[in-house]
Amino acid sequence: MAVERLLILIKPDGVKKSLTGNILTKLSEAKLTIIGAKAVKVSRELAAEHYKQLSDKPFFNELIDYIQGKMYGAPYDRVFAFVYQGEDAIARMRRIAGATNPEEADPVSIRGAYGRITTKGVYENVVHCSSDTSEAEREIKLWFSPEELTEEIYPTKIIDTTIKKKVWA
Ligand code: IDP
Ligand code: MG
């Protein structure tokens, strides 16, 4: 079995419901290593890029609002993003997360225990979990820069930039 990495997001409904601790405890059953972690205010561009394979779905606009936490407002309009690494990581984490539809998810999984379907029909299922290695690589590179991870899991390169950068005043 191979070492894999994946992106986990605690979605804004998980943040709003104060489930961060419960979710991390449940995920820790998989005995994986966290190699990146941060809080993110999700821009519309990031949301649309993350879910680009679902752009033709009837629920796409609601899904983008949901991952941005639009309906919750501050201070819940954010996600907590993690990169986990370990043996067979993707299947193990998806088992703990549960099925996409929270009503069909195993009741002891995260989505089964804490998810719901909104009156607008959005599956508020508390966590995002990459579904295969290529999706995981795309998502990790989208959400994290190389220096935000404790391991160099993909090839990197050094470039010269003249980009303005915000630093502490
Ligand atoms: P996944 O999150 O289990 O990988 P995907 O099919 O990649 O499931 O869908 C991404 C997200 O879009 C889901 O987690 C859920 O929030 C939402 N979603 C997926 N399918 C539906 C649907 O049929 N109705 C409403 N929301 C959905
Ligand atoms: Mg998916």
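Residues numbered from 1 in each chain as written. Chains lettered and ligands numbered in written order. Predicted model: local features only at pLDDT ≥ 70, side-chain atom pairs only at ≥ 80, totals over all residues. Heavy atoms only, no water.

**As for the packing of aromatic side chains**
Working step 1: On inspection of all chains with the given rule, the structure shows one aromatic pair.
Working step 2: In this structure, Lys-38 packs its charged tip against the face of Phe-144, placed 4.6 Å from the ring centre.
Working step 3: Sitting over the ring of Tyr-154, Lys-141 keeps its end group 4.9 Å from the ring centre. (Phe/Tyr/Trp six-rings, centres within 6.5 Å; stacked < 30°, edge-to-face > 60°. Lys NZ or Arg CZ within 6 Å of the ring centre and 35° of its normal.)

**Thoughts on helix α4 (residues 60-68)**
Working step 1: Those residues of α4 that sit buried are Phe-60, Leu-63, Ile-64, Tyr-66, Ile-67 and Gln-68.
Working step 2: Against β1 (3-10), α1 (12-16), α3 (44-50), β3 (79-87) and β5 (123-124) lie the buried residues of α4.
Working step 3: Just downstream of α4 lies Gly-69, where phi reads positive at about 70°. (Buried < 20%, exposed > 50% of the residue type's maximum accessible area, 1.4 Å probe, protein only. Helix = DSSP H or I, 4+ residues; strand = E, 2+ residues; numbered from the N terminus. Contact = heavy atoms within 4.5 Å.)

**Quick look at unusual backbone geometry**
Working step 1: Between Ala-74 and the following residue, Pro-75, the backbone shows a cis peptide bond with an omega angle of 0°.
Working step 2: Notably, Lys-31 is not glycine yet its phi reads approximately 55°, a positive angle.
Working step 3: The backbone of Asp-88 sits at a positive phi, close to 55°, despite the residue not being glycine.
Working step 4: Position of Asp-88 relative to the elements: it lies in the loop between β3 and α5 (89-97).

**Here's the deal with the site of ligand 1**
Working step 1: Every residue lining ligand 1 is accounted for by Lys-11, Tyr-51, Leu-54, Phe-59, Leu-63, Tyr-66, Arg-94, Thr-100, Arg-111, Gly-121, Tyr-123 and Asn-125.
Working step 2: The contact in question runs from an oxygen atom of ligand 1 to an N or O atom on the side chain of Lys-11, over 3.0 Å.
Working step 3: In the environment of ligand 1, an oxygen atom lies 2.9 Å from a nitrogen or oxygen atom belonging to the backbone of Tyr-123.
Working step 4: For ligand 1, whose unbound accessible area comes to 530 Å², protein coverage reaches 82%.
Working step 5: Tallied by class, residues from the shell around ligand 1 come to six nonpolar, three polar and three charged. (Near = heavy atom within 4 Å. Polar contact = N/O pair within 3.5 Å; in protein donor to acceptor, adjacent residues only side chain to side chain. Areas by Shrake-Rupley, 256 points an atom, 1.4 Å probe, with all protein chains shown as cover. Nonpolar A, V, L, I, M, F, W, Y, C, P; charged D, E, K, R; others polar.)

**Quick look at the sheet that holds strand β2 (residues 33-40)**
Paired through backbone hydrogen bonds, the strands of a sheet run either parallel or antiparallel to each other.
Working step 1: Judged by pairing direction, the sheet is antiparallel, and its four strands sit side by side in the order β2-β3-β1-β6 without closing on themselves. Across the chains shown, the open sheet's two edge strands, defined by having one partner strand only, are β2 and β6 (127-129). Strand-to-strand twist of the sheet, defined as the mean angle between neighbouring strand axes without regard to direction, takes the value 15°.
Working step 2: The pairing of β2 with β3 spans seven bridges and is antiparallel. Bridge assignment links Ala-37 to a residue of β3, and that residue is Phe-82. (Pairing = 2+ DSSP bridges. Axes fitted to C-alpha atoms, helices over the stretch in contact; angles between N-to-C directions.)

**Comments concerning the nonpolar core**
Nonpolar side chains tend toward joint burial in soluble globular proteins.
Working step 1: With 23 residues, the main nonpolar core has Leu-9, Val-40, Val-42, Val-79, Ile-140, Trp-143 and Phe-144 as its most contacted residues.
Working step 2: In terms of residue count, the dominant contributor to this core is α4 (five residues).
Working step 3: Leave out the neighbours within four places in its chain, and Ile-140 touches Arg-5, Leu-6, Leu-7, Val-83, Leu-149, Ile-153 and Tyr-154. (Core = buried A, V, L, I, M, F, W, Y, C linked by side-chain atoms within 4.5 Å.)

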